[in-house]
Amino acid sequence: MKVKILFLILAIFFFVLPFILWGNTYLVGGDDTRLYYIFPYQFLSHYAFNIISDNTLAGAMTGYASVGYFAPFFYLILVARLIPFLSTQMVLYGFNFTLGFIGFYLFLGLWMERKNTVILRIMGSIFYVSSIYLTKTMYTNQLIAMYLVSALPITLYLFIRGLHENKKSFITFSIAVFSLLSTTINSLPWWAAFLIASLPIFILLGFTYKLRFLKMISLGGLTFIILNAFWIFHFLNSYFFNTGLHSTLQYYSSSEFIKDNLRIIFGVATLYNPLNIIFQQMNTNILTGFSFLTLFGIIFFLPLLAVGFTLNLLKKEKILLFATIFCCFLLSWYFFSPGFGNIGPHIFLLLGMHVPFFTMFRNMYDKFSLSVSFYFAFSLTYSLFILKKKLSKKYFIPITTTISIFIVIFAAQSFYTLYSATKSYTHFSGEFNSDFINLAQFIKDQPDASKLLWLPLNSPTYANIEDNVNKGVFYSGLSPMRILADRSDFAGRFSFITQNNLFLGDYAFSLLQQKQYSKLLSLLRTFNIVYVVVDKQRLPQQIDTFMYGGEKKEIRDWQSEELINEITGEKLQDFGSRYTLYKINPNYLSEKIYLTDNYNFFPQKFNNVHYVRKNSASYNITIDHLDKEQKMVFLDPYYKDWTLYLVKSNKSYPFEEGSNTLVFNYANGWDINPETIKKYYSGYYTTNNDGSINLHLLLYFKPDRYGKFVNSISILGWLACVVILGWVTFPIMKRKNGKYKI
């Protein structure tokens, strides 16, 4: 009973730990924004299901790419937001710690007798969840991939238990847990790294269960495809049936990308001394910042060595299992820090050169931190379990007591390190100031789909927004305009990325530096930037220097009053003292969709084309009084899948499908000839008295037509999982003699 109370106390402690570390607040900002904890519905409605154009948060137009893999987790956040008065972010962080602790505890129970091993499993679970390798990577960075800390042990527990007991329901639910918590492709570098380190265990399971293993793996794969069909279809379609300029597959497998990543790999591979793992630290040299506590980190490695020296006394199956677990640990150890002499980094480089996509592990100490933490804790716990069988209580109890004391000490040190590393994070109330909220609403209410430019532009491509409650506290991260206003905006260097030019932002900033404002404005015009926000806030020194190039703030100096006067036209409105919204200089106005005589030039007026954006993949267009051949331009990423349909009543007919032309090296154009339409498309136009014609068109991104079908597959799959959970006997805790037993 006392052990159960201890288990419950620890589970509760890990849940409240984020509130102890950071309070009832939000840690937001950076490239990940973390604003989905505050605005999950807006992330779903304005971002997650866009497959083209409006599927980035930084304005970058990288093309056809699904970001729907975030959706299940965003729905989970919506549920968590039902808990009143508490920060949703801290609630989910707490669940992550607690479920990681419980999941690892249950996982360990699969490999050793449950009776009289509760304390050992509790020790191992604390060692895992509080690992310094998680603290200095996943917990400090707080990317959404951090939920793998709980997702992977629970997924493994359910999958292996289903394999042991031949229960397909466990397999199905393990994949559902993984799909819900992991954000799948978004967290790929981390769970793929874990999978590499886990290969010895999966090989052991394969040889043990043979045909059953293959059946269960196949079932798991099929379940994964069904639950994630809503984004897998677009992911594969954009890779293998690319109709744009470059597919993601082509980019990430290009020799230029691989060469640049090999350079990074060589620099990082020798960053950490491999002996760091023994001493539970992450420093470039062994025992940097020496202390006796650091030295005592070796105590966690001693049980592994002790078992290694007694292998000849063990049964064959225990030798095999210990060797398998230890191999997983050694693989993690190597990939985490491959600086073993000269050969270690070169092996990693060879893998990067010859294994497709292996360059995703270029920051290996980050990507393999989870597997190191997991298999170090697993190896330690299983070693103690074996020693328990071989040693009398007289020797074993002092050993485990000593190790448990040091686990607690190192756990406290780890979480204090986390607290110290994140003290400077923005502690946000969850409420933007009213000036920004009013600005976002005003932009959202504009009838066009034109883009927004922030001045001054900054290098990291961030927006800085003051908290409404805590004055002087700023959200500093990717702009939330896509989320709150359903509008793309340009805040800095990386906003200018296109599928054909990843470094266009460097060119834009060089124009700023050289004060070539007319060229810059011409570039902005091709991106359909119509609105300009002049940000007049005084930022904290730390943010200001980061935004604008260091202490000298050179980037801000490039953007003088002269630039603002050159770029801005009609003033639309002030929003408090923080923001002023303008239209761009009228000489550089553009529309997202317009007619012109020449693809290289904008027209003098934008009168006879009107459009309504239905969603990111569909636009209704009306052309009035078309009396000569014109070029219709659509300022969104070029794809042959953008198809024009002539519309009459409820009928539509494709107009010269696949004939769009590349415009401005990234956008789309079509030749619209009234004579051709009159000759071949009778009934799809109306005629005016002067002989000109009127057209109703639908501009549609064709892969979107499969959306309802693949979404339905996933919805039915998730409903089936709920039914399985509700109707199939699925106890994680076994009912015995009227009581639940862990």
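Shown above is the structure to which this text applies.
Since the structure is predicted, the reported quantities are computational estimates derived from the model, not experimental observations.

Examining the packing of aromatic side chains
Argument step 1. Summed over all chains, the structure comprises 95 aromatic pairs.
Argument step 2. Taken together, a centroid distance of 5.1 Å and an interplanar angle of 75° make the contact between Phe 358 and Phe 361 edge-to-face.
Argument step 3. What makes Phe 361 buried here is its relative accessible area of 3%.
Argument step 4. For the pair Phe 436 and Trp 454, a centre-to-centre distance of 6.5 Å together with 15° between the ring planes defines the contact as stacked.

Examining the packing of helix H1 (residues 2–22) against helix H5 (residues 118–129)
Argument step 1. At a minimum axis separation of 11 Å, H1 and H5 run at an interaxial angle of 10°. Taken together, the axis directions place H1 and H5 in an arrangement best described as roughly parallel. On H5, the residues touching Val 3, Leu 6, Phe 7, Leu 10 and Phe 14 of H1 are Val 118, Ile 119, Ile 122, Ile 126 and Val 129.
Argument step 2. In terms of residue class, the contact of H1 with H5 is made up of ten nonpolar, no polar and no charged.

Overview of unusual backbone geometry
Argument step 1. Of note, the bond from Leu 455 into Pro 456 is cis; its omega dihedral lies within 30 degrees of zero at 0°.
Argument step 2. Position of Pro 456 relative to the elements: it lies in strand E3 (residues 451–458).
Argument step 3. In this structure, Thr 33 is a non-glycine residue whose phi angle is positive, near 60°.
Argument step 4. With respect to the secondary-structure elements, Thr 33 resides in the loop between strand E1 (26–28) and helix H2 (40–48).
Argument step 5. Looking at Thr 33, the relative accessible area reads 2%, which means it is buried.
Argument step 6. Positive phi, normally seen in glycine, also occurs at Thr 461, with a value near 65°.

Section: the pattern of salt bridges
Argument step 1. Enumeration according to the criterion identifies 22 salt bridges in this entry.
Argument step 2. Linking Arg 493 and Asp 506 is a salt bridge whose minimum nitrogen-to-oxygen distance equals 3.1 Å. Of this pair, Arg 493 sits in the loop between strand E6 (489–492) and helix H24 (504–513) while Asp 506 sits in helix H24; the two residues are 13 residues apart in sequence, bridging distant segments of the chain.
Argument step 3. What makes Arg 493 buried here is its relative accessible area of 19%.

Regarding the sheet that holds strand E13 (residues 630–634)
The strands that make up a sheet are held in pairs by hydrogen bonds between backbone atoms, and each pair lies either parallel or antiparallel.
Argument step 1. With antiparallel pairing, four strands are arranged side by side in an open sheet as E10-E13-E17-E16. Two strands close off the open sheet at either side, each with one partner strand: strand E10 (593–596) and strand E16 (661–663). Each adjacent strand pair in this sheet contributes to an overall mean axis angle of 35°, direction not counted.
Argument step 2. The pairing of E16 with strand E17 (residues 667–672) spans three bridges and is antiparallel. Residue Thr 661 lies in a different strand from E17, and its bridge partner there is Gly 669.

What counts, and at which threshold
Here, residues in each chain are numbered from 1, in the same order as that chain's written sequence. Given that the model is predicted, a residue must reach a pLDDT of at least 70 before its local features are reported, and side-chain atom pairs must reach 80 or more before they are shown or counted; all residues, however, enter totals for whole chains, interfaces and linings. The basis for every side-chain value is the complete set of non-hydrogen atoms in the structure, without hydrogens or water. The rule is short: rings of Phe, Tyr and Trp, with Trp giving its six-membered ring, pair when the centres are within 6.5 Å, and they are stacked under 30 degrees, edge-to-face over 60, tilted in between. Remark: exposure states derive from per-residue accessible area (1.4 Å probe, protein chains only) relative to the maximum for the residue type, with buried under 20%, exposed over 50%, and partly exposed in between. Axes here refer to lines fitted to C-alpha atoms; in helices the fit is confined to the stretch in contact. Angles between the N-to-C directions go from 0 to 180 degrees. A run of DSSP states H or I qualifies as a helix once it reaches four residues; a run of E qualifies as a strand once it reaches two. Both are numbered from the N-terminal end. The scheme is simple: roughly parallel for angles under 35 degrees, roughly antiparallel for over 145, roughly perpendicular for 65 to 115, oblique for anything else. In what follows, residue pairs with any heavy atoms lying within 4.5 Å of each other are defined as contacts. Side-chain classes follow a simple rule in which Ala, Val, Leu, Ile, Met, Phe, Trp, Tyr, Cys and Pro form the nonpolar group, Asp, Glu, Lys and Arg form the charged group, and the remainder, Gly included, forms the polar group. The term salt bridge refers to a side-chain nitrogen of Lys or Arg lying within 4 Å of a carboxyl oxygen of Asp or Glu. Strand pairing follows a simple DSSP-based rule, namely that at least 2 bridges must link the two strands.

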